[in-house]
Amino acid sequence: MGRLFGTSGVRGLVGKQITPEIVIGLGQSLASLLGNSGTVVVGKDPRTSSDMLEGCLISGLLSGGCDVKRLGVVPTPAVSFAVKSLRAKAGAMITASHNPPEYNGVKFFDSSGMAYTPGLESKVERIYFGKKWRQASWKEIGEVEDLDILEDYIEALVGTVQLSRDYKVVVDCGNGAASLVTPRMLREAGCKVISLNSQPDGLFPGRPLEPSSENLVELCRVVRSTESDLGIAHDGDADRVVIVSENGSVASGDEVLAIVASSQLTKKGDVIVTTVDASKVVDEVVVNGGGKVVRTKVGDVSVAAEINRRGAVFGGEPCGAWIFPRFSMAPEGLLGALKVLELLDVSEKKISELLEPLPQYYMLREKLACPEEKKAKVMSAVSKKLVKEFSETIGVLKVDGVRVELLDGWVLVRASGTEPYIRLTAEARTPGRAEEILKKAAKVLKRMR
Ligand code: MG
């Protein structure tokens, strides 16, 4: 059987991996899985192909007997919110997140607002590849209703925080799905808002959609020149948020994750979920606050599933995908922005002052070429070899690749899912020690290839 779903829904180049035929089939398959009845909420980002694919997905759903609530251009987390608040059976978002404009994709959500797990995705795939969907009869075909969810969504978001000051915030939406939503939300929360790249445009002329330091130079400059309290940036569909401090520098995703995670602890023993590639700074800050850190596979779907399993109070990745289960089970870039403002408010500190006292860690990465056919063999033996090489090992975690915990740092070895590489990440308290760990691990791997 072929595969449609990758690490975050179905995604690819429009006209190649993502065609109208495939998306109609996806709609029909989802309708079948849902029992050919019930309501599905559909949202989209502003890509040039999104209207076309929305039409296809909706056709498939209607022909399979489902009703559709069409939200129009909304952030991905708004779909999760809408599924829950409308008690729909499922949600679908047409987006390719941070990918360039020529890409698009589809991501599904279950009735709890959580992204489809690999288990549910394979059920959809089985129906799709077996063409086992059911065509509803003429009188069972579903109906479409247009629905503006944004007012309710923004009200719910703003209702989660109470700010005692008027913060000045610069927001860069990258011309993506949150362009008309985050600035409005921040104004309703009482902020003075300066917005950049906040007109939806499917060509994304403002900047590349990945909110990395090199793509946020303008945001940093404007935060500085306007003497703002905070800068925030989203990826294309706003399930992620990246923070720029008042001094105009992009804050470390690991450090912000650590302080946001710790702010969600309410009692001793509360669980925080993060991924195997996150810094040890998260453990230090969370444990200091009385919480416990559980690590899972990279990807927001794994984080959400682990939150469910453990009853965790928060889960997040260093890339800025943060899940606040008290609000919803999807990564929430908009709520993330509000929660950082709340942190400023409660602490009466600036971003840089909140981050400055955190323990310093240094992370280094390297990728080593490794032929596809050798990956599995290398990965199955690498744990033993690393433990032998590092006598200071205190633990080994194998939830996603192999993470070897050392007395004064760690090293993570993961095989790339899409390229002939093995990726290495090492972290320690000094740059020299991080390099030493990385070099030693690379030497072990080079002997094994
Ligand atoms: Mg995204």
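Residues numbered from 1 in each chain as written. Predicted model: local features only at pLDDT ≥ 70, side-chain atom pairs only at ≥ 80, totals over all residues. Heavy atoms only, no water.

A. Region of the structure containing the coordination of the magnesium ion. Every protein donor of the magnesium ion is listed here as Ser-97 (OG), Asp-235 (OD), Asp-237 (OD) and Asp-239 (OD), and their distances to the metal cover 2.0 to 2.2 Å. Overall, Asp-237 belongs to the buried group, its relative accessible area being 2%. (Donors = N, O, S within 2.8 Å, 3.2 Å for Na, K, Ca; no water. Buried < 20%, exposed > 50% of the residue type's maximum accessible area, 1.4 Å probe, protein only.)

B. Up close: the pairing of strand β4 (residues 90–94). Of all 5 residues that make up β4, 5 are buried, and the element is covered over most of its length. By the alternation rule, side chains of β4 split into Ala-90, Ala-92 and Ile-94 and Gly-91 and Met-93, which are all buried. Where strand β2 (residues 39–44) meets β4, 5 bridges bridge the pair, whose relative direction is parallel. Its bridge partner being in β4, Gly-43 is matched across the sheet by Met-93. Where β4 and strand β5 (residues 103–109) come together, 4 bridges link them in antiparallel fashion. Considered in β5, the bridge of Gly-91 is made with Phe-109. (Helix = DSSP H or I, 4+ residues; strand = E, 2+ residues; numbered from the N terminus. Pairing = 2+ DSSP bridges.)

C. Structural view of the pairing of β2. Counting buried positions along β2 gives 5 out of 6 residues, so the element sits mostly inside the fold. Relative to strand β3 (residues 67–73), β2 runs parallel, the two sharing 6 bridges. The residue of β3 that forms the bridge with Val-41 is Lys-69. Regarding topology, helix α2 (residues 50–63) serves as the crossover connection from β2 to the parallel β3, and that connection is right-handed. (Right-handed = clockwise from strand over helix to strand, strands pointing away.)

D. Main features of a positive patch on the surface. On the surface, Lys-374, Lys-377, Lys-385 and Lys-388 cluster together to form a positively charged patch. Take Lys-385: it is sitting in helix α13 (residues 372–389). With a relative accessible area of 43%, Lys-385 lands in the partly exposed category. (Patch = residues over 30% accessible without salt bridge, like charges linked within 9 Å, V, L, I, M, F, W, Y side chains within 5 Å. Areas by Shrake-Rupley, 256 points an atom, 1.4 Å probe, with all protein chains shown as cover. Salt bridge = Lys/Arg side-chain N within 4 Å of Asp/Glu carboxyl O. Lys, Arg positive; Asp, Glu negative; His and termini not counted. Charge placed at Lys NZ, Arg CZ, Asp CG, Glu CD.)

E. Looking closely at the nonpolar core. Judged by nonpolar contacts, the single largest core of 71 residues is most densely connected at Leu-186, Ile-243, Trp-322 and Leu-341. Both domain 1 (10–148) and domain 2 (152–355) contribute no fewer than three residues apiece to this core. Here Leu-341 is in contact with Leu-163, Tyr-167, Val-169, Leu-186, Cys-191 and Leu-230, once residues within four sequence places are set aside. Ala-31, Val-40, Leu-62 and Ala-90 belong to the second largest nonpolar core, which has 28 residues in total. (Core = buried A, V, L, I, M, F, W, Y, C linked by side-chain atoms within 4.5 Å. Domains from an automatic or database assignment. Contact = heavy atoms within 4.5 Å.)

F. Region of interest: the domain arrangement of the protein chain. Each domain of the protein chain was delimited in the assignment, giving domain 1 (10–148), domain 2 (152–355) and domain 3 (362–448). Distance from the C-alpha centre of domain 2 to the C-alpha centre of domain 3: 29 Å. Tallying the contact residues gives 11 residues for domain 2 and 13 residues for domain 3. Across the domain 2/domain 3 interface, buried area totals approximately 940 Å², and carbon plus sulfur atoms make up 52% of it. Interface area lost by domain 2 to domain 3 is led by Val-276, Lys-280 and Arg-295, which between them contribute 53%. Connecting domain 2 to domain 3 are 2 salt bridges. Of the charged contacts, one joins Arg-429 and Glu-284 as a salt bridge, the two residues approaching to 3.7 Å between their closest N and O atoms. (Buried area = accessible area lost by both parts, 1.4 Å probe.)

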